[in-house]
Amino acid sequence: RGNFMLRRYYTIQKIDAWEEAQQKGYLEGNKNYVYEEFLKAYLWMMNQMRKKLSLYNGEYPVWLWLERPDLRCGGYLNPGEKGVLLEIYIDEERVLLSDFYLWHCVLNNDAVADDEDEWELIRQGKSHITIEQSWERIFDVNYDSCKNTIIQGVTGKISIDKIRLIKEFIAKNIGI
């Protein structure tokens, strides 16, 4: 194993997920929190994690932010729901980064394309790449230079001793 570099990340969790993590000694994703219509996208992401992260063991992903989320905004949890912001320090090698906005193409089973013409070709099956192959573009965090990209990350199990900051909050009803 090479030199690993610790990096600070943030994750927002429902309060019950945090309480469960404290009991188990680690935080990990949970299939029960995945909307059924997004399950295919999650399984695809988990497969990418298997390919790209040598230390990943197949758990459901824990979603991470590189920047500290502004809890005055909403969109992280359902309005009025109790949550917790966790600051964690883990090796960069354990995290797969992607473009937050382009991830929504994966969630919606849609193509990630250079332009509308390519989008049409991919959707019609007339491109040199499939819709799923186009999703690989979400990992190029410089792919869409026309907008301010928000970088997100996914990782597997996080040991409780990697968590430094714990801030409980009530989710707001304002978009991110």
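Details of the structure are given in the entry above.
Residues numbered from 1 in each chain as written. Predicted model: local features only at pLDDT ≥ 70, side-chain atom pairs only at ≥ 80, totals over all residues. Heavy atoms only, no water.

> Whenever I open this one, the pattern of salt bridges confuses me. Can you help?
Where charged atoms from two side chains of opposite charge approach closely, those side chains can pair. Inspection of every chain in the model, using the stated rule, returns 8 salt bridges. Two residues, K24 and E20, come together in a salt bridge whose shortest N-O distance is 3.0 Å. One end of the pair is K24 and the other is E20, both in helix α1 (residues 15-24) and 4 residues apart, which spans about a single turn. Classification of K24 as partly exposed rests on a relative accessible area of 37%. A salt bridge links K24 to E28, with the shortest nitrogen-to-oxygen separation between them at 3.4 Å. (Salt bridge = Lys/Arg side-chain N within 4 Å of Asp/Glu carboxyl O. Helix = DSSP H or I, 4+ residues; strand = E, 2+ residues; numbered from the N terminus. Buried < 20%, exposed > 50% of the residue type's maximum accessible area, 1.4 Å probe, protein only.)

> For this particular structure, what's the right way to read the pairing of strand β6 (residues 151-155)?
Regular strands show a simple pattern: their side chains alternate between the two faces of the sheet. Burial analysis of β6 places 5 of its 5 residues in the buried class, the great majority of the element. On β6, burial covers both faces: I151, G153 and T155 on one face and Q152 and V154 on the other are all buried. Summarising the sheet, strand β3 (residues 62-65) and β6 pair through 4 bridges and their orientation is antiparallel. Bridged to W63 within β6 is V154. Pairing between strand β5 (residues 96-99) and β6: 4 bridges, direction antiparallel. Looking at the pairing, L97 lines up with G153 of β6. (Pairing = 2+ DSSP bridges.)

> Help me understand the side chain of E59, please; the structure alone is not making it clear to me.
Topologically, E59 is positioned in the loop between α2 (39-52) and β3. One buried charged residue, E59, forms no salt bridge at all, with the nearest opposite charge on K157 at 4.7 Å. Look past the residues within four positions of E59 in its chain and what remains in contact with it is E28, M46, G156 and K157. (Lys, Arg positive; Asp, Glu negative; His and termini not counted. Contact = heavy atoms within 4.5 Å.)

> How should the environment of K157 be read in this particular structure?
Checked against the element boundaries, K157 lands in the loop between β6 and β7 (158-159). In this structure K157 touches Y26, L27, E28, E59 and R94, once residues within four positions along its chain are discounted.

> Help me understand helix α3 (residues 100-107) in this model?
Because an α-helix completes one turn every 3.6 residues, residues spaced three or four positions apart along the sequence face the same direction. Judged by how many residues are buried, α3 sits mostly within the fold: 6 of 8 residues are covered. Three or more residues of α3 are buried, namely F100, L102, W103, C105, V106 and L107. Turning to α3, the residues buried within the fold contact α2, β3, β5 and β6. Between a side-chain oxygen at the N-terminus of α3 and the backbone nitrogen of Y101 the separation is 2.8 Å; the capping residue is D99. Note on α3: the residue one or two positions beyond its end, N109, has a positive phi of about 55 degrees. (Polar contact = N/O pair within 3.5 Å; in protein donor to acceptor, adjacent residues only side chain to side chain.)

Honestly, that's just the spatial picture; any functional story needs more than this.
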